[in-house]
Amino acid sequence: MKQILRSIALSSCVLSISLLSLQSCKKEDKPQSTEQKVDSLMHQGGAQAGDTSKAAASSAMTLNDKAKKGQMLFYNASLGKIKASCAMCHSDGTERTKDGRIRSGHTLVGVSSRTETWNGMFKGDKLKSTAYGASFCVAGFQERPTGLSADEAESLNEYYAAIASNPGAMTNNLSIKWVTKPVFSDDEDLDAKAVTPAVKAIMKLPGDPGKGQAVFQGTCITCHEIEKKKIGPSMKDAAQDMNYVAQSIRCGSKAMPFFAKDILSDQQIADAIAYIQSSLNK
Ligand code: HEC
Ligand code: HEC
(Lines give C-alpha, C1' and ligand atoms only; values in the text may rest on other atoms or scores of the structure.)
(Ligands and ions follow the chains in the order given, each with its own letter.)
Protein backbone atom coordinates (compact mmCIF):
# COMPACT_ATOMS: atom_id res chain seq x y z
CA MET A 1 0.00 0.00 0.00
CA LYS A 2 2.81 2.35 0.95
CA GLN A 3 4.39 1.65 -2.39
CA ILE A 4 1.17 2.13 -4.26
CA LEU A 5 0.50 5.48 -2.69
CA ARG A 6 4.03 6.54 -3.41
CA SER A 7 3.66 5.55 -7.02
CA ILE A 8 0.50 7.59 -7.26
CA ALA A 9 2.30 10.54 -5.79
CA LEU A 10 5.04 10.12 -8.36
CA SER A 11 3.05 9.39 -11.40
CA SER A 12 -0.64 8.83 -11.32
CA CYS A 13 -0.87 6.54 -14.24
CA VAL A 14 2.27 5.10 -15.72
CA LEU A 15 3.65 3.57 -12.54
CA SER A 16 0.40 2.31 -11.20
CA ILE A 17 -0.37 0.70 -14.51
CA SER A 18 2.79 -1.34 -14.38
CA LEU A 19 2.42 -2.15 -10.70
CA LEU A 20 -1.20 -2.90 -10.58
CA SER A 21 -3.43 -3.38 -13.50
CA LEU A 22 -3.90 -2.59 -17.08
CA GLN A 23 -7.21 -1.02 -16.36
CA SER A 24 -6.08 2.10 -14.65
CA CYS A 25 -5.32 4.02 -17.82
CA LYS A 26 -7.98 2.51 -19.99
CA LYS A 27 -10.55 4.72 -21.66
CA GLU A 28 -13.83 4.59 -19.82
CA ASP A 29 -17.23 3.69 -21.16
CA LYS A 30 -19.24 6.51 -22.60
CA PRO A 31 -20.46 8.84 -19.88
CA GLN A 32 -24.07 8.59 -18.75
CA SER A 33 -24.67 12.15 -17.91
CA THR A 34 -28.03 13.05 -16.49
CA GLU A 35 -29.25 14.77 -13.37
CA GLN A 36 -31.10 11.58 -12.58
CA LYS A 37 -27.94 9.57 -12.60
CA VAL A 38 -26.30 12.01 -10.21
CA ASP A 39 -29.34 11.90 -7.96
CA SER A 40 -29.31 8.15 -7.87
CA LEU A 41 -25.59 8.12 -7.15
CA MET A 42 -26.19 10.48 -4.27
CA HIS A 43 -28.87 8.18 -3.07
CA GLN A 44 -26.68 5.09 -3.15
CA GLY A 45 -23.88 7.08 -1.70
CA GLY A 46 -25.75 7.66 1.50
CA ALA A 47 -27.20 11.05 0.68
CA GLN A 48 -27.80 12.98 3.87
CA ALA A 49 -30.85 14.90 4.94
CA GLY A 50 -29.74 18.18 3.43
CA ASP A 51 -28.51 16.56 0.27
CA THR A 52 -31.80 15.26 -0.94
CA SER A 53 -33.01 18.71 -1.96
CA LYS A 54 -34.39 18.63 -5.42
CA ALA A 55 -32.63 21.88 -6.19
CA ALA A 56 -30.72 21.07 -9.32
CA ALA A 57 -27.73 23.16 -8.49
CA SER A 58 -25.93 21.99 -11.55
CA SER A 59 -28.55 23.50 -13.82
CA ALA A 60 -27.06 26.86 -12.92
CA MET A 61 -23.71 25.61 -14.20
CA THR A 62 -22.94 24.67 -17.72
CA LEU A 63 -21.51 21.21 -17.69
CA ASN A 64 -19.99 19.70 -20.80
CA ASP A 65 -19.94 15.91 -21.07
CA LYS A 66 -16.57 15.61 -19.44
CA ALA A 67 -17.62 17.82 -16.52
CA LYS A 68 -20.81 15.80 -16.10
CA LYS A 69 -18.71 12.71 -15.84
CA GLY A 70 -16.59 14.47 -13.24
CA GLN A 71 -19.74 15.39 -11.34
CA MET A 72 -20.79 11.76 -11.27
CA LEU A 73 -17.40 10.76 -9.94
CA PHE A 74 -17.77 13.41 -7.27
CA TYR A 75 -21.04 11.91 -6.04
CA ASN A 76 -20.08 8.27 -6.56
CA ALA A 77 -19.67 6.35 -3.34
CA SER A 78 -18.61 3.17 -5.10
CA LEU A 79 -15.23 4.08 -6.51
CA GLY A 80 -13.40 1.91 -4.01
CA LYS A 81 -13.86 -0.46 -1.12
CA ILE A 82 -14.88 2.28 1.31
CA LYS A 83 -18.30 3.57 0.31
CA ALA A 84 -17.59 7.25 0.80
CA SER A 85 -17.99 9.72 -2.05
CA CYS A 86 -15.93 12.88 -2.56
CA ALA A 87 -19.13 14.77 -1.66
CA MET A 88 -19.13 13.27 1.83
CA CYS A 89 -15.78 14.89 2.52
CA HIS A 90 -15.68 17.94 0.21
CA SER A 91 -18.10 20.63 -0.91
CA ASP A 92 -18.57 21.57 -4.55
CA GLY A 93 -20.36 24.76 -3.54
CA THR A 94 -23.79 23.65 -4.74
CA GLU A 95 -26.99 23.70 -2.69
CA ARG A 96 -26.56 19.98 -2.37
CA THR A 97 -23.46 20.21 -0.32
CA LYS A 98 -24.21 23.43 1.56
CA ASP A 99 -26.15 21.56 4.15
CA GLY A 100 -24.55 22.68 7.38
CA ARG A 101 -22.37 19.63 7.56
CA ILE A 102 -18.73 19.94 8.57
CA ARG A 103 -16.62 18.01 6.09
CA SER A 104 -13.13 16.69 6.76
CA GLY A 105 -11.80 17.99 3.44
CA HIS A 106 -11.84 21.61 2.31
CA THR A 107 -14.08 22.89 -0.46
CA LEU A 108 -13.03 22.02 -4.00
CA VAL A 109 -14.41 25.31 -5.30
CA GLY A 110 -11.35 27.16 -6.55
CA VAL A 111 -9.05 24.17 -6.23
CA SER A 112 -7.83 24.45 -9.83
CA SER A 113 -6.28 27.83 -9.13
CA ARG A 114 -3.95 26.35 -6.52
CA THR A 115 -0.34 25.71 -7.43
CA GLU A 116 0.15 22.91 -4.92
CA THR A 117 -2.07 20.64 -2.87
CA TRP A 118 -1.73 18.18 -0.01
CA ASN A 119 0.91 20.37 1.58
CA GLY A 120 3.07 20.39 -1.52
CA MET A 121 2.85 16.69 -2.28
CA PHE A 122 1.26 17.53 -5.63
CA LYS A 123 2.48 20.38 -7.81
CA GLY A 124 3.48 21.17 -11.39
CA ASP A 125 2.21 18.65 -13.90
CA LYS A 126 1.24 16.27 -11.07
CA LEU A 127 -1.70 18.56 -10.32
CA LYS A 128 -3.64 17.83 -13.46
CA SER A 129 -2.71 14.16 -13.68
CA THR A 130 -3.94 13.49 -10.13
CA ALA A 131 -6.94 15.87 -10.26
CA TYR A 132 -5.13 18.13 -7.82
CA GLY A 133 -4.28 15.30 -5.44
CA ALA A 134 -7.68 13.58 -5.55
CA SER A 135 -5.93 10.33 -6.54
CA PHE A 136 -4.44 10.27 -3.09
CA CYS A 137 -7.93 10.41 -1.53
CA VAL A 138 -9.20 7.73 -3.89
CA ALA A 139 -6.36 5.35 -3.00
CA GLY A 140 -6.23 6.14 0.72
CA PHE A 141 -9.73 7.12 1.84
CA GLN A 142 -11.83 5.31 -0.74
CA GLU A 143 -9.43 2.35 -0.89
CA ARG A 144 -9.17 1.94 -4.60
CA PRO A 145 -5.45 1.17 -4.93
CA THR A 146 -5.19 2.27 -8.57
CA GLY A 147 -6.27 5.82 -7.75
CA LEU A 148 -7.81 7.67 -10.69
CA SER A 149 -7.43 6.80 -14.35
CA ALA A 150 -6.18 9.54 -16.66
CA ASP A 151 -9.67 9.92 -18.05
CA GLU A 152 -11.24 10.22 -14.60
CA ALA A 153 -8.68 12.80 -13.55
CA GLU A 154 -9.47 14.82 -16.67
CA SER A 155 -13.18 14.62 -15.93
CA LEU A 156 -12.69 15.84 -12.38
CA ASN A 157 -10.48 18.69 -13.64
CA GLU A 158 -13.28 19.66 -15.97
CA TYR A 159 -15.76 19.55 -13.09
CA TYR A 160 -13.46 21.76 -10.97
CA ALA A 161 -13.49 24.27 -13.83
CA ALA A 162 -17.29 24.15 -13.98
CA ILE A 163 -17.71 24.77 -10.23
CA ALA A 164 -14.96 27.40 -10.00
CA SER A 165 -17.35 30.31 -9.60
CA ASN A 166 -19.68 28.61 -7.12
CA PRO A 167 -19.89 30.24 -3.70
CA GLY A 168 -17.27 29.69 -1.04
CA ALA A 169 -14.25 29.47 -3.33
CA MET A 170 -10.91 28.97 -1.70
CA THR A 171 -8.25 30.03 -4.13
CA ASN A 172 -5.13 30.26 -2.02
CA ASN A 173 -2.83 27.29 -1.47
CA LEU A 174 -3.96 25.57 1.67
CA SER A 175 -1.46 24.87 4.28
CA ILE A 176 -3.25 21.91 5.80
CA LYS A 177 -3.03 22.17 9.54
CA TRP A 178 -2.60 18.46 9.93
CA VAL A 179 -0.84 17.27 13.01
CA THR A 180 1.08 14.68 11.06
CA LYS A 181 0.82 13.13 7.67
CA PRO A 182 -2.00 10.55 7.70
CA VAL A 183 -1.17 6.87 7.36
CA PHE A 184 -3.26 4.72 5.11
CA SER A 185 -2.02 1.24 5.99
CA ASP A 186 -1.23 -1.01 8.93
CA ASP A 187 2.47 -1.05 8.24
CA GLU A 188 2.91 2.67 8.73
CA ASP A 189 2.80 4.51 12.04
CA LEU A 190 1.62 7.98 12.88
CA ASP A 191 4.38 10.19 14.23
CA ALA A 192 3.85 9.70 17.98
CA LYS A 193 5.82 12.85 18.84
CA ALA A 194 3.25 14.93 17.01
CA VAL A 195 0.21 12.88 18.02
CA THR A 196 0.69 12.75 21.80
CA PRO A 197 0.53 16.51 22.49
CA ALA A 198 -2.36 16.92 20.04
CA VAL A 199 -4.37 14.26 21.89
CA LYS A 200 -3.48 15.75 25.29
CA ALA A 201 -4.62 19.19 24.19
CA ILE A 202 -8.04 17.74 23.37
CA MET A 203 -8.40 15.43 26.36
CA LYS A 204 -7.60 18.09 28.93
CA LEU A 205 -10.65 20.12 27.85
CA PRO A 206 -13.95 19.43 29.58
CA GLY A 207 -16.43 18.40 26.88
CA ASP A 208 -20.08 19.38 26.62
CA PRO A 209 -22.19 16.42 25.44
CA GLY A 210 -25.00 18.71 24.26
CA LYS A 211 -22.73 20.67 21.96
CA GLY A 212 -20.98 17.43 21.08
CA GLN A 213 -24.21 15.94 19.80
CA ALA A 214 -24.40 18.74 17.23
CA VAL A 215 -20.79 18.11 16.21
CA PHE A 216 -21.42 14.38 15.89
CA GLN A 217 -24.59 14.96 13.83
CA GLY A 218 -22.78 17.43 11.60
CA THR A 219 -19.71 15.33 10.89
CA CYS A 220 -19.43 11.77 12.12
CA ILE A 221 -23.01 10.72 11.30
CA THR A 222 -22.15 10.67 7.59
CA CYS A 223 -20.12 7.55 8.30
CA HIS A 224 -20.81 6.40 11.86
CA GLU A 225 -23.62 5.67 14.24
CA ILE A 226 -23.33 5.00 17.93
CA GLU A 227 -24.76 1.48 17.85
CA LYS A 228 -24.61 0.32 14.24
CA LYS A 229 -21.90 -0.10 11.67
CA LYS A 230 -22.25 2.29 8.75
CA ILE A 231 -19.41 3.23 6.37
CA GLY A 232 -17.14 3.13 9.40
CA PRO A 233 -17.47 1.05 12.59
CA SER A 234 -20.09 1.81 15.26
CA MET A 235 -18.90 3.93 18.15
CA LYS A 236 -19.74 0.98 20.38
CA ASP A 237 -16.98 -0.94 18.59
CA ALA A 238 -14.55 1.86 17.78
CA ALA A 239 -14.73 4.05 20.85
CA GLN A 240 -13.24 1.91 23.61
CA ASP A 241 -10.43 4.31 24.40
CA MET A 242 -11.25 8.01 24.19
CA ASN A 243 -7.61 8.97 23.65
CA TYR A 244 -7.70 6.83 20.55
CA VAL A 245 -10.94 8.47 19.40
CA ALA A 246 -9.32 11.90 19.76
CA GLN A 247 -6.30 10.65 17.83
CA SER A 248 -8.43 9.18 15.05
CA ILE A 249 -10.37 12.41 14.55
CA ARG A 250 -7.37 14.71 14.65
CA CYS A 251 -4.86 12.54 12.78
CA GLY A 252 -6.97 10.03 10.86
CA SER A 253 -6.52 6.29 10.75
CA LYS A 254 -6.41 4.57 7.37
CA ALA A 255 -9.78 5.25 5.69
CA MET A 256 -10.81 7.45 8.63
CA PRO A 257 -10.17 11.02 7.41
CA PHE A 258 -8.40 13.47 9.69
CA PHE A 259 -10.07 16.75 10.68
CA ALA A 260 -7.60 19.64 10.54
CA LYS A 261 -7.70 22.36 13.20
CA ASP A 262 -9.40 24.87 10.96
CA ILE A 263 -12.22 22.38 10.45
CA LEU A 264 -12.78 21.04 13.99
CA SER A 265 -11.32 22.83 17.00
CA ASP A 266 -9.92 20.96 20.01
CA GLN A 267 -13.03 22.02 21.91
CA GLN A 268 -15.39 20.64 19.26
CA ILE A 269 -13.57 17.31 19.36
CA ALA A 270 -13.69 17.26 23.18
CA ASP A 271 -17.44 17.94 22.96
CA ALA A 272 -17.96 15.16 20.40
CA ILE A 273 -16.08 12.76 22.66
CA ALA A 274 -18.22 13.77 25.66
CA TYR A 275 -21.31 13.04 23.56
CA ILE A 276 -20.02 9.65 22.39
CA GLN A 277 -19.11 8.76 25.96
CA SER A 278 -22.50 9.75 27.33
CA SER A 279 -24.31 7.84 24.57
CA LEU A 280 -22.31 4.71 25.28
CA ASN A 281 -22.97 4.92 29.00
CA LYS A 282 -26.71 5.15 28.60
C1 HEC B 1 -13.07 10.30 3.55
C2 HEC B 1 -12.94 11.66 3.17
C3 HEC B 1 -12.45 12.01 1.80
C4 HEC B 1 -12.86 11.49 0.59
C5 HEC B 1 -13.85 10.39 0.33
C6 HEC B 1 -12.16 12.26 -0.42
N7 HEC B 1 -11.35 13.18 0.15
FE8 HEC B 1 -10.21 14.55 -0.80
N9 HEC B 1 -9.37 15.10 0.97
C10 HEC B 1 -9.79 14.68 2.20
C11 HEC B 1 -8.96 15.29 3.23
C12 HEC B 1 -9.11 15.09 4.73
C13 HEC B 1 -8.01 16.08 2.54
C14 HEC B 1 -6.89 16.92 3.16
C15 HEC B 1 -7.43 18.22 3.67
C16 HEC B 1 -7.73 19.16 2.55
O17 HEC B 1 -6.82 19.49 1.79
O18 HEC B 1 -8.89 19.54 2.37
C19 HEC B 1 -8.31 15.96 1.12
C20 HEC B 1 -7.65 16.62 0.11
C21 HEC B 1 -8.08 16.69 -1.21
C22 HEC B 1 -7.53 17.55 -2.23
C23 HEC B 1 -6.37 18.48 -2.04
C24 HEC B 1 -6.78 19.80 -1.49
C25 HEC B 1 -5.58 20.65 -1.10
O26 HEC B 1 -5.63 21.84 -1.28
O27 HEC B 1 -4.59 20.10 -0.59
C28 HEC B 1 -8.28 17.36 -3.37
C29 HEC B 1 -8.12 18.05 -4.70
C30 HEC B 1 -9.27 16.36 -3.06
N31 HEC B 1 -9.12 15.97 -1.75
C32 HEC B 1 -10.23 15.89 -3.96
C33 HEC B 1 -11.02 14.76 -3.73
C34 HEC B 1 -11.88 14.15 -4.72
C35 HEC B 1 -12.12 14.67 -6.12
C36 HEC B 1 -12.42 13.05 -4.12
C37 HEC B 1 -13.30 11.99 -4.74
C38 HEC B 1 -12.78 11.35 -5.94
C39 HEC B 1 -11.95 13.02 -2.75
N40 HEC B 1 -11.10 14.06 -2.55
C41 HEC B 1 -12.33 12.08 -1.80
C42 HEC B 1 -10.84 13.83 2.47
C43 HEC B 1 -11.49 13.07 1.51
C1 HEC C 1 -16.38 10.18 5.44
C2 HEC C 1 -16.50 9.11 6.40
C3 HEC C 1 -16.09 9.34 7.83
C4 HEC C 1 -16.35 10.40 8.66
C5 HEC C 1 -17.04 11.70 8.32
C6 HEC C 1 -15.86 10.03 9.97
N7 HEC C 1 -15.31 8.77 9.92
FE8 HEC C 1 -14.53 7.74 11.48
N9 HEC C 1 -14.03 6.20 10.23
C10 HEC C 1 -14.38 6.12 8.91
C11 HEC C 1 -13.94 4.84 8.37
C12 HEC C 1 -14.14 4.35 6.95
C13 HEC C 1 -13.30 4.17 9.42
C14 HEC C 1 -12.60 2.81 9.38
C15 HEC C 1 -11.14 3.10 9.14
C16 HEC C 1 -10.31 1.90 8.75
O17 HEC C 1 -10.24 0.97 9.57
O18 HEC C 1 -9.75 1.89 7.65
C19 HEC C 1 -13.39 5.05 10.58
C20 HEC C 1 -12.84 4.76 11.83
C21 HEC C 1 -13.06 5.50 12.97
C22 HEC C 1 -12.58 5.16 14.28
C23 HEC C 1 -11.70 3.93 14.60
C24 HEC C 1 -10.31 4.18 14.09
C25 HEC C 1 -9.56 2.89 13.87
O26 HEC C 1 -8.36 2.96 13.60
O27 HEC C 1 -10.15 1.80 13.94
C28 HEC C 1 -13.03 6.12 15.15
C29 HEC C 1 -12.77 6.17 16.66
C30 HEC C 1 -13.79 7.07 14.37
N31 HEC C 1 -13.78 6.68 13.06
C32 HEC C 1 -14.44 8.17 14.89
C33 HEC C 1 -15.04 9.17 14.12
C34 HEC C 1 -15.65 10.36 14.67
C35 HEC C 1 -15.82 10.63 16.15
C36 HEC C 1 -16.04 11.13 13.61
C37 HEC C 1 -16.64 12.52 13.64
C38 HEC C 1 -15.80 13.55 14.20
C39 HEC C 1 -15.70 10.40 12.39
N40 HEC C 1 -15.10 9.23 12.75
C41 HEC C 1 -15.96 10.82 11.10
C42 HEC C 1 -15.04 7.08 8.18
C43 HEC C 1 -15.43 8.32 8.64
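As a reminder, the structure under discussion sits directly above these lines.
Quick notes on the rules
- Residues numbered from 1 in each chain as written.
- Chains lettered and ligands numbered in written order.
- Predicted model: local features only at pLDDT ≥ 70, side-chain atom pairs only at ≥ 80, totals over all residues.
- Near = placed C-beta within 6 Å.
- Helix = DSSP H or I, 4+ residues; strand = E, 2+ residues; numbered from the N terminus.
- Nonpolar A, V, L, I, M, F, W, Y, C, P; charged D, E, K, R; others polar.
- Expected span 1.5 Å × (residues − 1).
- Buried ≥ 20, exposed ≤ 12 C-beta atoms within 10 Å, placed from the backbone.
- Arc of directions from axis to C-beta.
- Contact = placed C-beta atoms within 7 Å.
- Axes fitted to C-alpha atoms, helices over the stretch in contact; angles between N-to-C directions.
- Parallel < 35°, antiparallel > 145°, perpendicular 65-115°, else oblique.
- Left-handed = near helix turned anticlockwise from the far one by under 90°.
- Core = buried A, V, L, I, M, F, W, Y, C linked by C-beta atoms within 7 Å.
- Domains from an automatic or database assignment.

Caption draft 1: Region of interest: the site of ligand 1. Taken together, 28 residues surround ligand 1, and among them Cys86, Cys89, Gly105, Thr117 and Cys137 come closest. Those elements that provide at least two residues to the shell around ligand 1 are helix 5 (86-89) and helix 7 (134-140). Looking at the shell around ligand 1 residue by residue, the class counts come to 20 nonpolar, 7 polar and 1 charged.

Caption draft 2: How the structure looks around helix 9 (residues 192-203). Along its 12 residues, helix 9 runs 16 Å from first to last C-alpha, staying within 8% of the 16 Å computed at 1.5 Å per residue. The complete set of buried residues in helix 9 reads Ala198, Val199 and Ile202. Angularly, the buried residues of helix 9 cover 100 degrees about the axis, an arc narrow enough to put them on a single face. Pointing more than 90 degrees away from the buried face of helix 9 are the exposed residues Lys193, Pro197 and Lys200. Its buried side turned inward, helix 9 meets helix 12 (242-251) and helix 13 (266-280).

Caption draft 3: Broad picture of helix 4 (residues 65-75). Of all the 11 residues making up helix 4, 9 are buried; the element is thus mostly covered by neighbouring parts of the structure. Buried within helix 4 we find Ala67, Lys68, Lys69, Gly70, Gln71, Met72, Leu73, Phe74 and Tyr75.

Caption draft 4: Highlighting the site of ligand 2. The local shell around ligand 2 holds 24 residues, among which Cys220, Cys223, Gly232, Ser253 and Lys254 are the closest. Looking at the shell around ligand 2, the elements with two or more residues in it are helix 5 and helix 12. Per-element accounting of the shell around ligand 2 gives the leading share, 3 residues, to helix 12. Of the residues that constitute the shell around ligand 2, the class distribution is 16 nonpolar, 7 polar and 1 charged.

Caption draft 5: Representation of the packing of helix 9 against helix 12. One can describe the packing of helix 9 onto helix 12 by two numbers: an axis separation of 9 Å at closest approach and a directional angle of 115 degrees. The angle between the axes of helix 9 and helix 12 places the two elements in the roughly perpendicular class. Helix 9 and helix 12 meet at a crossing whose hand is right-handed. Between helix 9 and helix 12, the residues in contact are Val195, Ala198, Val199, Ile202 and Met203 and Met242, Asn243, Ala246, Gln247, Arg250 and Cys251, respectively. Residue composition of the contact of helix 9 with helix 12, grouped by class: 8 nonpolar, 2 polar and 1 charged.

Caption draft 6: A look at the nonpolar core. Counting 57 residues, the largest nonpolar core has Ile269, Ala272 and Ile273 as the members making the most contacts within it. Among the secondary structure elements, those contributing two or more residues to this core are helix 4, helix 5, helix 7, helix 8 (150-163), helix 9, helix 10 (209-218), helix 12 and helix 13. The element contributing the most residues to this core is helix 13, with 7 residues. If you count residues domain by domain, this core takes at least three from each of domain 1 (34-162) and domain 2 (192-280). Discounting residues that sit within four places of it in the chain, Ile273 has contacts with Gly207, Gly212, Met242, Val245 and Ala246.

Caption draft 7: Local environment of the environment of Arg101. Along the chain, the position of Arg101 falls in the loop between helix 5 and strand 1 (116-117). Sequence separation of Arg101 and Thr222 is 121 residues, and the distance between their C-alpha atoms is 9.0 Å.

Caption draft 8: The arrangement of unusual backbone geometry in detail. The phi dihedral of Trp118 falls on the positive side, at around 50 degrees, and the residue is not glycine. Here Trp118 is to be found in the loop between strand 1 and strand 2 (122-123). Its 20 C-beta neighbours within 10 Å are what place Trp118 among the buried residues.

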